[in-house]
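# Survey of secondary and tertiary structure
What follows is each chain in one-letter form.
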Amino acid sequence: MSYHSIVMVKQVPDTANISGQVMKPDGTVNRSKLPTIFNPEDKVALELALQFRDRFGGTVRVMTMGPLKASDLLRECLYMGADEAFLISDRKFAGADTLATSYVLAEALRKLGNYDIIFAGRQAIDGDTAQVGPQTAEKLGLPQITYAEAILKAEGSTITVKRKVDNGFEVLEGTLPLLITVVKDAATPRPFRAKRVMAYKNAHTLLELEKMTEGNSLLYVDQLKEEYVSKGLFIPTLTADDLDVDLNRCGLGGSPTKVHKIESVVLGGSAHETIPATKDGMYALIDKLMEDHIFG
Ligand SMILES: Cc1cc2nc3c(=O)[nH]c(=O)nc-3n(C[C@H](O)[C@H](O)[C@H](O)COP(=O)(O)OP(=O)(O)OC[C@H]3O[C@@H](n4cnc5c(N)ncnc54)[C@H](O)[C@@H]3O)c2cc1C
């Protein structure tokens, strides 16, 4: 039996290289000010999905909700081996918290359909909540296995997954369709394939094609789209209209979470005392802690 997977991937700010003011007054991230990368655990999730396809056959589709720039991430997925990529993009989706994000992602999954496994990273390195995967499963009424380290077996509609827990692991069976969130140690992402880079560097979304035609009266976007579709280089975009979503549940307006302030906390050393590792040293330490009302 072969299986169809969809991987949810997110383009994230490179949080290891943040400098300056990157929060907007409304508490959302000013993503245009930051270098972006493939969310590390999503790359691992994609690798796990590709390995699963290598073992059992089937297809791997990827989708991301994000701005036009997120098309770069989708091309990277195609370079790694994804069969198809989808951009979910609309100004009405901007500023979403996890509730609004998972709502739109769940509606996009409903629209795409025909999946056995949905893969997600455990968490994104910008929001760090690890909520989107589980919330999406819940909205679709699907079972979920979080913290997956490996897919051990697949037989018919049952898969066996090794799941990371504190100080060990669990082995769980799940019935398809189901959603899996993947931890970073689950696999090493394969490098981009040179042949695929050459083939898909020209894969574009409609918005990108529109930009290409701007100021060029000889290029018509409809013709261009037809050409890209026929060459397998068109990345479809799903907007709010395509998904028929309730706009009250989308974007900033549909997000009950408001991030009011974000601070970079640097723990600096203050005055310190070195206590000798002797009996007298220990007694002196206890006396000092009692004196400061920390003990006693
Ligand atoms: C500093 C800060 C604090 C925040 N705090 C909160 C908060 O407390 N509560 C809250 O609801 N929101 C919060 N947000 C907003 C949050 O980052 C966004 O809602 C984001 O869209 C999803 O949450 P996440 O990044 O935590 O994703 P996670 O839940 O950590 O992501 C898990 C996985 O879901 C998938 N995924 C997530 N987003 C997408 C996407 N856009 N497209 C495709 N797949 C996706 C990926 O596979 C990802 O690995 C915060 C943002 C910032 C910058």
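The following refers to the structure shown.

## Side note on the sheet that holds strand β7 (residues 144–155)
Spatially, the 9 strands line up as an open sheet ordered β9-β8-β7-β10-β6-β1-β4-β5-β13, and their pairing is mixed. Two strands close off the open sheet at either side, each with one partner strand: β9 (168–175) and β13 (237–238). Where strand β5 (residues 84–88) meets β13, 2 bridges bridge the pair, whose relative direction is parallel. Paired with Ile88 across the bridge in β13 is Leu238.

## Side note on helix α3 (residues 98–112)
For α3, spanning 15 residues, the distance from its first C-alpha to its last is 21 Å, which sits close to the expected 21 Å at 1.5 Å a residue. With 12 of 15 residues buried, α3 lies mostly within the body of the structure. Residues of α3 that are buried: Thr98, Ala100, Thr101, Ser102, Tyr103, Val104, Leu105, Ala106, Glu107, Ala108, Leu109 and Leu112. Looking one or two places after α3, you find Gly113, whose phi comes out positive at around 60°.

## Brief notes about the environment of Thr59
Tracing the sequence through the fold places Thr59 in strand β4 (residues 58–65). On a C-alpha basis, the gap between Thr59 and His293 in space is 64 Å, while along the polypeptide they are 234 residues apart. Setting aside anything within four residues of it in sequence, one finds Thr59 in contact with Tyr3, His4, Ser5, Arg53 and Asp83. A distance of 2.6 Å separates polar atoms of two side chains, one belonging to Thr59 and the other to His4.

## Quick look at the pairing of strand β8 (residues 158–165)
The pairing of β7 with β8 spans 6 bridges and is antiparallel. Across the sheet, Ala148 pairs through a bridge with Arg163, a residue of β8. Relative to β9, β8 is paired through 8 bridges, and the arrangement is antiparallel. Directly across from Thr158, in β9, lies its bridge partner Thr175. In this structure, the hairpin formed by β8 and β9 is closed by a connection of 2 residues, where Asn167 is found at a positive phi of approximately 60°.

Thresholds, definitions, all that
- Residues numbered from 1 in each chain as written.
- Predicted model: local features only at pLDDT ≥ 70, side-chain atom pairs only at ≥ 80, totals over all residues.
- Heavy atoms only, no water.
- Pairing = 2+ DSSP bridges.
- Helix = DSSP H or I, 4+ residues; strand = E, 2+ residues; numbered from the N terminus.
- Expected span 1.5 Å × (residues − 1).
- Buried < 20%, exposed > 50% of the residue type's maximum accessible area, 1.4 Å probe, protein only.
- Contact = heavy atoms within 4.5 Å.
- Polar contact = N/O pair within 3.5 Å; in protein donor to acceptor, adjacent residues only side chain to side chain.

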